[in-house]
Amino acid sequence: MLNLLLSRLATAIPSIVGVVVVTFMLTRLLPGDPAAYFAGLAASPQAVAEIRTKLGLDKSLPEQFVAYVGDLLSGNLGNSLSTGQPVVTEIATRLPASAELTLAALLLAVFIAIPLGVLAAVKQGTWIDHVCRVVTTAGVSLPVFFTGLLFAYVFYYLLQWAPAPTGRLDVFLSPPQHITGFYLIDSALTGNSETFWGALRQLALPAISMAIFSLAPLARMTRGSMLAVLGSDFIRTARASGLAPRTVVFTYAFRNAVLPVITVLGMVFSFLLGANVLVETVFAWPGVGLYAVNALITSDYAPVQGFVLTMAVLYVALNLAIDLLYGLVDPRIRLDS
Amino acid sequence: MKRRSFIKTTAAGAAAVTAPAIWSEAKAQARNETLLIVNESPPNSMDIHGVGANRPAYEVSWNTHDRLITYGAKKDANGNDHYDYTKLEPELATEWDLKPNSVTFKLRRDAKFHDGTPITAKDVKWSFDRAVTVGGFPTFQMKAGSLEKPEQFVVVDDHTFRVDFIRADKLTMPDIGVPVPVIMNSELCKKNATATDPWAMEWCKNNTASGGAYKVERWQPGQEVVYVRNDDWKSGPMPKIRRVVMRIIPSAGNRRALLERGDADLSFDLPSKDFAELRTMPKLTVVGTPIENAMTYIGMNVTQKPFDNVKVRQAVAWALPYQQIMDSVMFGQAIPLFGGADNKSKGIVWPQKDGYKTDLAKAKALMAEAGYPNGFETTISFDLGLASTNEPLTILVQESLAQIGIKAAINKIPGANWRGELLKKNMPMIANSFGGWLNYPEYFFFWCYHGQNAVFNTMSYKNPTMDALIDKARFASGKEYEDAVNGFVDIAFEEVPRVPLFQPLLNVAMQKNVTGYRYWFHRQLDYRQLAKG
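Everything in this summary refers to the structure shown in the same document. (Residues numbered from 1 in each chain as written. Chains lettered and ligands numbered in written order. Predicted model: local features only at pLDDT ≥ 70, side-chain atom pairs only at ≥ 80, totals over all residues. Heavy atoms only, no water.)

A few points about the overall build of chain B
- Looking only at helices and strands, chain B features 18 helices and 21 strands.
- Relative to the 2.2 N^0.38 estimate, which gives 24 Å for 533 residues, the radius of gyration of chain B is 26 Å and therefore close to what a compact globule would have.
- With the principal axes as the frame, chain B shows a C-alpha extent of 80 × 75 × 45 Å.
- Counting the 533 residues in chain B, one finds 58% classified as buried.
- Considering only contacts in chain B between residues 6 or more positions apart, those separated by 24 or more positions represent 69%.
- For chain B, the exposed area adds up to about 20600 Å²; of that, 53% sits on carbon and sulfur atoms. (Helix = DSSP H or I, 4+ residues; strand = E, 2+ residues; numbered from the N terminus. Rg over C-alpha atoms; globule rule 2.2 N^0.38 Å. Buried < 20%, exposed > 50% of the residue type's maximum accessible area, 1.4 Å probe, protein only. Contact = heavy atoms within 4.5 Å. Areas by Shrake-Rupley, 256 points an atom, 1.4 Å probe, with all protein chains shown as cover.)

Written as structure tokens, this is what we have:
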């Protein structure tokens, strides 16, 4: 187990080094001059040159790279020019916001998709199978920003069921004491029920819009994988031996079918975490996606590099977690491969 | 996961979503005393002197700091409050004595910074020294009023401060009232300064060392700024609003929805179409103020063929689809700058209407005279950061130019690159906007038409006659001044290196119970005059 962990970590190092180099080069190769942008409206060429020196952009590329790696090793990701804050603090405050939203969406999707997929496979060809097909097709063909806007329009603007889409908390509530950065957990831990409900209400619409989108791959994968397993010999044997249908489906078939679902789950999770910028824009959610896109628009190098790097590390960690999870679910993979 | 427990959990979840809000008494109270502003972009600094401080940062600075003097107010044509650039009024200074070579300010004796330290002349000097020393935008803006060297700023005694002039410049006094020369708490800043950072630039980025009408209670970068009123403020009438929350809502559609539902109190930053529609709704107040000294225009690079030919430029000016742009791009939310009687200056106002209108026959004739009867190919560029206006505008221009044989390809430039491209000065044709803080025609012309070729002279236009008139206007007065202004306006219209399209409006939408909105030249919101309820 430990060997597996170590070998996995060792393979991750080259990819992270690669990401460091590529992000550095990419942000510099992109057209756009941050010095001209930040010099402001009435900038003279001298003012632009002054800013360029201040930002260290007048140095050669290798010099800039050495400075960048040096900072990185000391845990410094640089300063964002557009928000004026260190990138590390920004990502540390924004990542929990994205993670809370993504996890909530994923949990919701799993709670709906897996039972739906299992039912559709067990009762193949019945109405529930058709429902599953319609739901997954609809989910995958409705882009997140569209469902997000539609939900905000219907449930906030027209019906007034949902709160105003103003971010993680209503304007008149103060954020809970910082423990994990997840507002739901922090407010529950400190027993602040008003903030808890407030945060939950704000979370509902964006989480549902994202869940609808991620439902499709999960439900389809569950259905497909269950169908394959249900058609196999050992299930026929189990049925012939007179085991209860429930035992056959859940104990034997589902455990065997869940492996590809976990793979898809990992992919969906990492995709959602990086790609929820549209939902974040619609619901004014202060997450990392929105932060990275804003930084790109203003040619603000440091946050873009910090974001890509954080995401790369997260992907590596996630893949590792999924590998380990395989081992727990399926003893065959636990071999010291 | 069992099916039954699944159904139970989702049912509980659904109930939670639709549960009614738990409105505590305190919260309802807070709502009445708080002004909620929703905006598109967040401040990036608490310090207006900081590197790359953006426009929202000016708003923070304006409301949290005092300046020595401020501007008075008047009513505009629609009966709305409008700052008055001809009237300077006391803020931290109670009176001043203007002499040919200097001005001496008497400071308020009871004014204190937020931490309780009395505000004295040495704080004023420190702050002015900082503005002219740190470089970049603040230093540049100070220079526009001939405020250039620390030696110009003299502490006479604790409550007397003198500015010595290095030349007679009529912009010196107005420049002391712009957002840049704020009065900062010098002792507090020095405590947080370091050897490499003597002006505490790093610390001031996240902290305000100020004594203005509002204090920053909470700042979550990129998300919100929460202000509370400074109840000890002495430099003006006590503001009526106790708390101000400025939240960032990136989606324009949601900003509008929040306003319409009454959840937000005020917003700038909506598309023209939304403002045009909101104007017809009885439940909101929409105020549109023409932005002083500003215009949206088509610029042509006179250093390149074929735009070096004045006949080609005039042909373009006769071919633009002015009225269509007003109707279907701006939805009427702008002041036309075309269709005047002729190309002569109509007085000391800027911007003003020129004599051009859409007349394709005339344009074709001019093209033939210029030697381009079959037209030519070119590109028209715009800033993608302002695509909601620029994109439909350039498409209309493209269609219209095609009718006189000019095939213009559209070149969209991302916001981050726009400044850099402007600096290069090699785009043949652009759609762009410019506005100057100080409302003097010669200030606009100094930036946009003068042969010094500043960034904003996007056409690289150089004309010694015009330069002489602009320079004269900066320091002249009376008849001589008027002749100079009329002279350069006439040249600008006749030579037409930039074709004025319209003067944009600064639009703001607010709830009916919000009153006291005042237009400021810096186009940011002043919370101090607003009232609610």
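With respect to the overall build of chain A
- When you go through chain A residue by residue, the secondary structure sums to 14 helices and zero strands.
- For chain A, the spread of C-alpha atoms along the principal axes amounts to about 85 × 55 × 40 Å.
- Taking the intrachain contacts of chain A between residues at least 6 apart in sequence as the baseline, contacts between residues at least 24 apart amount to 74%.
- Counting only carbon and sulfur atoms, one obtains 71% of the accessible surface of chain A, whose full area is about 15900 Å².

Notes on the packing of helix H16 (residues 441-448) of chain B against helix H18 (residues 478-495) of chain B
Residue and element names in this part refer to chain B.
- Closest axis-to-axis distance for the H16/H18 pair is 11 Å, and the angle between their directions is 45°. Judged by the inter-axis angle, H16 sits oblique to H18. Of the two elements, H16 crosses H18, and the hand of that crossing is left-handed. On H18, the residues touching Pro441, Glu442 and Phe445 of H16 are Tyr481, Val485, Phe488, Val489 and Ala492.
- Taken together, the residues that form the contact of H16 with H18 break down as seven nonpolar, no polar and one charged. (Axes fitted to C-alpha atoms, helices over the stretch in contact; angles between N-to-C directions. Parallel < 35°, antiparallel > 145°, perpendicular 65-115°, else oblique. Left-handed = near helix turned anticlockwise from the far one by under 90°. Nonpolar A, V, L, I, M, F, W, Y, C, P; charged D, E, K, R; others polar.)

Some points on the sheet that holds strand E3 (residues 81-90) of chain B
Residue and element names in this part refer to chain B.
- The sheet built from three strands is open, its strands ordered E2-E3-E20 with mixed pairing. With partners counted over all chains shown, the strands left at the sheet margins are strand E2 (69-75) and strand E20 (518-519), one partner each.
- Pairing geometry for E3 and E20, over two bridges, is parallel. Considered in E20, the bridge of His82 is made with Tyr519. (Pairing = 2+ DSSP bridges.)

Description of a nonpolar patch on the surface
Residues and elements named next belong to chain A.
- Together, Ile13, Val17, Val21, Met25, Leu29 and Leu61 make up an exposed nonpolar region whose accessible area comes to about 520 Å².
- By residue number, the principal contributor to the nonpolar patch is helix H1 (residues 2-29), which donates five residues.
- With respect to the secondary-structure elements, Val21 resides in helix H1.
- What makes Val21 partly exposed here is its relative accessible area of 37%. (Patch = residues over 30% accessible without salt bridge, like charges linked within 9 Å, V, L, I, M, F, W, Y side chains within 5 Å. Salt bridge = Lys/Arg side-chain N within 4 Å of Asp/Glu carboxyl O.)

What about helix H12 (residues 322-329) of chain B?
All names here are of chain B.
- Among the residues of H12, Tyr322, Ile325, Met326 and Val329 are the ones counted as buried. Burial along H12 is one-sided: seen end-on, the buried residues are contained in an arc of 110°.
- Buried residues along H12 sit against helix H10 (272-279), helix H11 (310-319), strand E14 (334-336), helix H14 (387-402) and strand E18 (498-511).
- Backbone geometry just after H12 places Phe331 at a positive phi near 50°. (Arc of directions from axis to C-beta.)

Here's the deal with the pattern of salt bridges
- Taken as a whole and assessed by the stated rule, the structure comprises 35 salt bridges over all chains.
- One salt bridge in this structure joins A:Arg236 and A:Asp233, with 3.9 Å as the shortest N-O distance. With A:Arg236 and A:Asp233 both in helix H10 (residues 233-240) and three residues apart, the pair spans about one turn of that helix. One exposure class covers both A:Arg236 and A:Asp233, and it is exposed.
- Between B:Lys412 and B:Glu391 there is a salt bridge, with the nearest N and O atoms lying 2.7 Å from each other. Placement of B:Lys412 in strand E16 (residues 406-413) and of B:Glu391 in helix H14 is noted, with a sequence separation of 21 residues between them.
- Where salt bridges share partners, they join B:Arg256, B:Glu260, B:Lys273, B:Asp274 and B:Glu277 into one cluster.

Details of the packing of aromatic side chains
All names here are of chain B.
- Considering all chains together, one arrives at 44 aromatic pairs over all chains under this definition.
- When the centroid spacing of 5.3 Å and the interplanar angle of 55° are considered together, the rings of Trp126 and Trp199 count as tilted. Note that Trp126 is positioned in helix H4 (residues 121-133) and Trp199 in the loop between helix H7 (186-191) and helix H8 (201-206), a separation of 73 residues in sequence.
- Ring plane angle 90° and centroid distance 6.4 Å describe the contact between Tyr443 and Trp447, whose orientation is recorded as edge-to-face. Of this pair, Tyr443 and Trp447 both sit in helix H16, four residues apart, roughly one helical turn. Comparing Tyr443 with Trp447 shows no difference in burial state: the two are buried.
- Positioned above the aromatic ring of Trp318 is the side chain of Lys362, whose terminal nitrogen or guanidinium carbon lies 4.2 Å from the ring centre.
- We note Arg474 situated over the ring of Phe446; from NZ or CZ to the ring centre the distance is 4.4 Å. (Phe/Tyr/Trp six-rings, centres within 6.5 Å; stacked < 30°, edge-to-face > 60°. Lys NZ or Arg CZ within 6 Å of the ring centre and 35° of its normal.)

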